[in-house]
Amino acid sequence: MAAPLELYCWKGDWGLPSVDTDCLTVLAYAKFAGAPLKVHKITNPWRSPTGTLPALKTTEESTRSLSKPSNIIIHLRKQKYNADYDLSAKEGADTLAFVSLLEEKLLPALIYTQWVDSKNYVDVTRRWYAENIPFPLNFLLPNRIHNQQLERLRLVRGDPTLEPGEQLEKELYQDALECMTLLSQRLGSHKFFFGDSPSSLDAYVFGHLAPLLKVKLPNGKLQQHLNSLDNLRHYCTNILILYFPSEAVTPTVSVHSDSSDFDSEPHKRRKQILSVLFAMGSMLGYAILMGIVSIQHVRPQAALVGPRHIEEGGEEEEEE
């Protein structure tokens, strides 16, 4: 019997099976297609086979691990887990068109509202990742992911010099509102986009909309519009109830990562001390690397000083 495929993804919170759009897309598709995945929900991407999340670990030598949702879905289809098996040629073409629309119009606004909008990023996004990523990586990875998401936004927009601002926010949000309205019109009163059975398009739409629906953001312009579209709101809620019932009924409680022993009350003081030492060590290392601080070794000159001075010189060298 073949070993099950293993999927590594960000853990869930806020009533979601994962806090990440790409991970939600893959998790939803696997549920829709009936793929028997062994899922590892983690908070340290460096523990995955690719160093990123999501990541699918396979048994094939040519593709030992995959990271992009599209590549993971293609691999699952090759393993006979195909949620699009019953789609017509036209429905298949519509799927490609709407997925492209999501990535061009809705995804940039999602990145902006979660990772670029200063209020949302500081109060919610960065805070969640800093609290859940294991120490001491929680000092490094949130900013690194922030920079990666900003680069992703520039890539999607096709502008390597793109900088955040009111005009950019207005353009991104306008595109996103139009995209959500179009999705609402296309869904209509149907249970899923192509009838009574979910497809890969439903996985992509759910992955993009569910975080907007569940995560409470201080700046909630996109959330307000989504909540005004009743069919899309019920659509996301129904998928959570049908395919992720344990998360759908779980109260919104922030659960810490594998290194939760650092976050329990008896160890809180130790964590604060280690945090200060880690920060001081990082600053000292940077200062030495940049030449701001230098370390010199002084040898005691035995021939010029007496025994008492030799002893004092040795103690001074040890202190340095």
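Residues numbered from 1 in each chain as written. Predicted model: local features only at pLDDT ≥ 70, side-chain atom pairs only at ≥ 80, totals over all residues. Heavy atoms only, no water.

(A) Region of interest: the nonpolar core. Trp10 and Met180 are the most contacted members of the largest nonpolar core, which totals 81 residues. Top contributing element to this core by residue count: helix 3 (residues 89-116), with 11 residues. The contact partners of Met180, leaving out residues within four places of it in the chain, are Leu106, Leu209, Leu212, Leu222, His225, Leu226, Leu229 and Leu232. (Core = buried A, V, L, I, M, F, W, Y, C linked by side-chain atoms within 4.5 Å. Buried < 20%, exposed > 50% of the residue type's maximum accessible area, 1.4 Å probe, protein only. Helix = DSSP H or I, 4+ residues; strand = E, 2+ residues; numbered from the N terminus. Contact = heavy atoms within 4.5 Å.)

(B) Layout of the sheet that holds strand 2 (residues 38-42). Read from one edge of the open sheet, four strands run 2-1-3-4, paired in mixed fashion. With partners counted over all chains shown, the strands left at the sheet margins are strand 2 and strand 4 (65-66), one partner each. Bridge count for strand 1 (residues 6-10) against strand 3 (residues 55-57) is three bridges, and the pairing is antiparallel. By the bridge assignment, Glu6 is partnered in strand 3 with Lys57. (Pairing = 2+ DSSP bridges.)

(C) Highlighting the layout of surface pockets. Taken as a whole, the largest pocket encloses approximately 810 Å³ of empty space. Along the walls of the largest pocket sit 30 residues, with Asp22, Leu53, Pro69, Gln149 and Arg152 positioned nearest its centre. Those elements that provide at least two residues to the lining of the largest pocket are helix 1 (21-33), helix 2 (69-78), helix 3, helix 5 (141-157) and helix 7 (200-214). The biggest single contributor to the lining of the largest pocket is helix 5, with nine residues. (1 Å grid on protein atoms, 1.4 Å probe; cavity = no way out; pocket = protein on both sides within 12 Å on 5 of 7 lines; lining within 4 Å. Points joined across faces, edges and corners; volume = space filled by probe spheres on them.)

No statement about biological role is implied by the geometric values presented.
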